[in-house]
Amino acid sequence: MNSIILIGMPGCGKSTIGVLLAKTLGKQFLDTDLRIQEEEKALLQEIIDRKGNDYFRQAEERVLCSIDADDAVIATGGSAVYSSRAMTHLKRLGPIVYLSLPLAEIERRVQNIRTRGISMAPGETLAELFRERIPLYRQYADLTISLEGLDFETELEKILLSLSNQTTVPVPQ
């Protein structure tokens, strides 16, 4: 398949960069967090608060495994990597690109940690979540791209160049 799957921590820019990447490549854009909200008819944080993290992750896995998108840019939620079943499915759709940022930048960007809809244990810090997830992102990534210190335009250029060096994704002139 010809899709591109974006993974990474909350705040790394998966949705923002995903839209720009889809526009640049002429692909559709799919945000799995929005799909979860549509299916559950609730905001992510409401799902977590009312039904708990286990339920949320099951709903996320169900949504991720139901995706049958060809030629799309898919922005996943930060917790997608907790499901090996979902990640195996997504890998069949195209390369998995891990958008990497250092913890300090994630903390700067994510100011609404308790209302954003981040799947994390009660009392868990963003730093603890970061340490827990980084090995999973690395495990599933076909390509890791460090976005540290870059603006959106430069991030997009870096992703396009990395993808063109790895796959046959056309890079617009």
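Here goes a summary of the coordinates provided. (Residues numbered from 1 in each chain as written. Predicted model: local features only at pLDDT ≥ 70, side-chain atom pairs only at ≥ 80, totals over all residues. Heavy atoms only, no water.)

## As for the overall build of the protein chain
Inclusion rule: Each helix is a run of H or I in the DSSP string that is no shorter than four residues. Each strand is a run of E no shorter than two, and both are numbered from the N terminus. When we talk radius of gyration, it's over C-alpha atoms, and the globule rule is simply 2.2 Å times the number of residues to the 0.38. Only protein chains enter the accessibility calculation, which uses a 1.4 Å probe; a residue is then buried when its area is under 20% of its type maximum, exposed when over 50%, and partly exposed in between. In what follows, a contact means two residues having at least one pair of non-hydrogen atoms within 4.5 Å.
A count of helical and extended segments in the protein chain gives 7 helices and 5 strands. When the helices and strands of the protein chain are listed from N to C terminus, the series reads β-α-β-α-α-β-α-β-α-α-β-α. Against the 2.2 N^0.38 benchmark of 16 Å for 173 residues, the protein chain shows a C-alpha radius of gyration of 15 Å, consistent with a compact globule. C-alpha atoms of the protein chain, sized along the principal axes, occupy 45 × 35 × 25 Å. The burial tally for the protein chain puts 51% of its 173 residues in the buried class. Within the protein chain, contacts between residues separated by at least 24 positions form 72% of all contacts whose residues are at least 6 apart in sequence.

## Considering the packing of aromatic side chains
Spelled out, the test is: The rule is short: rings of Phe, Tyr and Trp, with Trp giving its six-membered ring, pair when the centres are within 6.5 Å, and they are stacked under 30 degrees, edge-to-face over 60, tilted in between.
Summed over the entire model, instances satisfying the criterion amount to 1 aromatic pair. Consider the rings of Tyr98 and Tyr137, whose centres lie 5.1 Å apart with planes at 25°: the pair is stacked. Taken together, the residues Tyr98 in strand S4 (residues 96–100) and Tyr137 in helix H6 (residues 126–140) connect sequence positions 39 residues apart. An identical accessibility class is assigned to Tyr98 and Tyr137; each is buried.

## Comments concerning the nonpolar core
What counts is decided by this rule: Definition of nonpolar core: a set of buried residues of the types Ala, Val, Leu, Ile, Met, Phe, Trp, Tyr and Cys, connected through side-chain atoms within 4.5 Å.
In terms of nonpolar packing, the biggest core is built from 50 residues, with Ile7 and Leu21 touching the most fellow members. Broken down by element, this core gets its largest block of residues, 8 residues, from H6. Non-local contacts of Leu21, meaning those with residues more than four positions away in its chain, are made with Ile4, Leu6, Val73, Leu156, Ile159, Leu160 and Leu163.

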